[in-house]
Amino acid sequence: MHANDPFARLPEAATFTVTSATVTDGAAWPPEQHASGLPGGKDMSPQLSWDGAPSGTRSYAVTVYDPDAPTGSGFWHWAAVDIPATVTELPEGAGDDTGSGLPVGAYQLPNDARAARYIGAAPPAGHGPHRYFVVVHALDVDSIGVPADATPAVLGFTMAGHTLGRAVLTATAETAA
């Protein structure tokens, strides 16, 4: 079931560390990080902290992606870009409708629900466990240069030649049948 590695065909990149006070790597999302239509769901982006980014990092992008969504292309839950290299933490809830917890100059792209915000986990009932790749991308440019209405897939394509490193945390979710 988990042969779909979202990094398998991307250029190699250094690794660094991302941690969260919200969720532990490999653990299930707390209810607040689920979609608002589910019990306890609040569409609240996780708290994130990172360190050890490669030398030459000039900005970051943060993405949350579910490769297990039954779409043939996965589901992008969040993409925040142009986070300055001096920033190494985002508070829980930074990905709200206004991006209130993002640093000046950073912005959010529309997710696969076409909302420029974090949208929580909502795997279809009975579909089994889903993985959510929370990734901090260290980039070699101050601004990745994608328009505010670009898709996360366009962001990924644009970042491919600018990614110095990736810090990855994987959360899980499952909705009972």
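Everything discussed here concerns the structure shown above.
Residues numbered from 1 in each chain as written. Predicted model: local features only at pLDDT ≥ 70, side-chain atom pairs only at ≥ 80, totals over all residues. Heavy atoms only, no water.

Under the criterion given, the structure shown has 7 aromatic pairs. Note on Phe7 and Phe133: the rings are 5.7 Å apart at their centroids and 80° apart in plane angle, and the pair reads as edge-to-face. Residue Phe7 is located in the segment before β1 (14-15), and its partner Phe133 is located in strand β8 (residues 130-139); the two are separated by 126 residues in the primary sequence. Of the residues examined, Phe7 reaches a relative accessible area of 21% and is grouped as partly exposed. (Phe/Tyr/Trp six-rings, centres within 6.5 Å; stacked < 30°, edge-to-face > 60°. Helix = DSSP H or I, 4+ residues; strand = E, 2+ residues; numbered from the N terminus. Buried < 20%, exposed > 50% of the residue type's maximum accessible area, 1.4 Å probe, protein only.)

With that settled, consider the sheet that holds strand β6 (residues 89-90). Judged by pairing direction, the sheet is antiparallel, and its 3 strands sit side by side in the order β2-β3-β6 without closing on themselves. Where the open sheet ends on each side, the last strands, each with one partner, are β2 (17-19) and β6. (Pairing = 2+ DSSP bridges.)

The subject of this paragraph is the pairing of β8. Each regular strand displays side chains that alternate between the two surfaces of the sheet. Burial of β8 is extensive: 10 of the 10 residues sit out of reach of the surface. Two elements, strand β4 (residues 59-66) and β8, share 7 bridges in a ladder whose sense is antiparallel. If you follow Ser59 over to β8, its bridge partner there is Leu139.

Secondary-structure assignment places Thr63 in strand β4. Relative accessible area serves as the criterion here: at 3%, Thr63 is assigned to the buried category.

Residues Trp29, Trp50, Val62, Trp78, Ile83, Leu90 and Val136 are the most contacted members of the largest nonpolar core, which totals 27 residues. Secondary-structure elements contributing two or more residues to this core are β3 (48-51), β4, β5 (75-84), β8 and β9 (163-173). One finds Ala79, Val81, Leu139 and Val141 within the second-largest nonpolar core, a separate group that totals 11 residues. (Core = buried A, V, L, I, M, F, W, Y, C linked by side-chain atoms within 4.5 Å.)

Right, let's get into the environment of Ala85. Here Ala85 lies in the loop between β5 and β6. Look at Ala85 and you get partly exposed, because its relative accessible area is 29%. Distance in space between the C-alpha atoms of Ala85 and Ala138 is 8.2 Å, their sequence separation being 53 residues. Sequence-distant contacts of Ala85, defined by excluding residues within four places in its chain, comprise Thr57, Arg58, Ser59 and Tyr60. (Contact = heavy atoms within 4.5 Å.)

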